[in-house]
Amino acid sequence: MSNNIPGRIQISFLRHGFAEDHASSGLDRDRELTQIGIDIVKRQGEYMVQQKFRYDFIITSPYPRAQKTAEIVAEALSLSGVLKVDARIACGFHFSQLLELIIEANGCNSILFVGHNPDLSLLTGQLSGAHVNLKKGGLAILDVWKLEPGGADLLSLLTPALMGAK
């Protein structure tokens, strides 16, 4: 399997919004967005519309806090039809899984991944060589020319506040 891609692809990593500290089930995977988290993600979605963000695919973790974040953003961008839930993006998402998903999305120019830390920060760092710590609701945008460590430029690192969510 070659890690070369024809041309470039834009990959964005969005960490889920603010979530409850503990789910009633006691399981981390069941944590939901708080109302504040929902409100902030909605404002982020509005910002993304204003800035004309476009994605060919949105791929999200199945955990409720990430899936709800992805649904809000997809709805804001009128992209609900390209939203895919994939268990590989749940906690523990790593570089080989990222490669699989990008290869499966053959021909896409831009993919938004919605998931969790530390995974998204680590992947951003692996691709770009930058030390990154995505805050809740943080967005990293990368220009990828080769699917290997160091094969991307970090174009933007946006906090919720920079996207109009205060």
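Thresholds, definitions, all that
- Residues numbered from 1 in each chain as written.
- Predicted model: local features only at pLDDT ≥ 70, side-chain atom pairs only at ≥ 80, totals over all residues.
- Heavy atoms only, no water.
- Helix = DSSP H or I, 4+ residues; strand = E, 2+ residues; numbered from the N terminus.
- Rg over C-alpha atoms; globule rule 2.2 N^0.38 Å.
- Buried < 20%, exposed > 50% of the residue type's maximum accessible area, 1.4 Å probe, protein only.
- Salt bridge = Lys/Arg side-chain N within 4 Å of Asp/Glu carboxyl O.
- Core = buried A, V, L, I, M, F, W, Y, C linked by side-chain atoms within 4.5 Å.
- Phe/Tyr/Trp six-rings, centres within 6.5 Å; stacked < 30°, edge-to-face > 60°.

Engineer: Explain the overall build of the protein residue by residue, including any values.
Structural biologist: Check the secondary structure of the protein and you find four helices and six strands. Listed by position from the N terminus, the elements making up the protein come as β-α-β-α-β-α-β-α-β-β. By the compact-globule yardstick of 15 Å for 166 residues, the protein fits well, its C-alpha radius of gyration being 15 Å. Burial statistics for the protein: of 166 residues in total, 49% are counted as buried.

Engineer: Please set out the pattern of salt bridges residue by residue, giving values where relevant.
Structural biologist: In total, this model carries nine salt bridges according to the counting rule given. Aspartate 28 is paired through a salt bridge with arginine 31; the nearest N and O atoms lie 2.7 Å apart. Looking at aspartate 28, the relative accessible area reads 38%, which means it is partly exposed. Judged by its relative accessible area of 12%, arginine 31 falls in the buried class.

Engineer: Quick rundown of the nonpolar core? Include the residues and the values.
Structural biologist: Counting 25 residues, the largest nonpolar core has Phe13, Phe93, Leu98, Ile102, Ile111 and Phe113 as its most contacted members. For this core, the secondary structure elements donating two or more residues are strand 1 (4-15), helix 3 (95-104), strand 4 (110-115), helix 4 (119-128) and strand 5 (139-146). Within the second largest apolar cluster, 22 residues are counted, among which are Ile38, Met48, Ala66 and Leu158.

Engineer: So what about the pairing of strand 4? Which residues, and what values?
Structural biologist: The buried fraction of strand 4 is high, at six of six residues. The alternating pattern of strand 4 places Ser110, Leu112 and Val114 on one face and Ile111, Phe113 and Gly115 on the opposite face, and all of these are buried.

Engineer: Break down the packing of aromatic side chains for me, with residues and values.
Structural biologist: Per the counting criterion, the structure on display carries three aromatic pairs. For the pair phenylalanine 93 and phenylalanine 113, a centre-to-centre distance of 5.9 Å together with 40° between the ring planes defines the contact as tilted. A residue pair is termed long-range when its members are at least 10 positions apart, and phenylalanine 93 in the loop between strand 3 (83-85) and helix 3 and phenylalanine 113 in strand 4 qualify at 20 residues. For phenylalanine 93, a relative accessible area of 3% translates into the label buried. You can call phenylalanine 113 buried: its relative accessible area is 0%.

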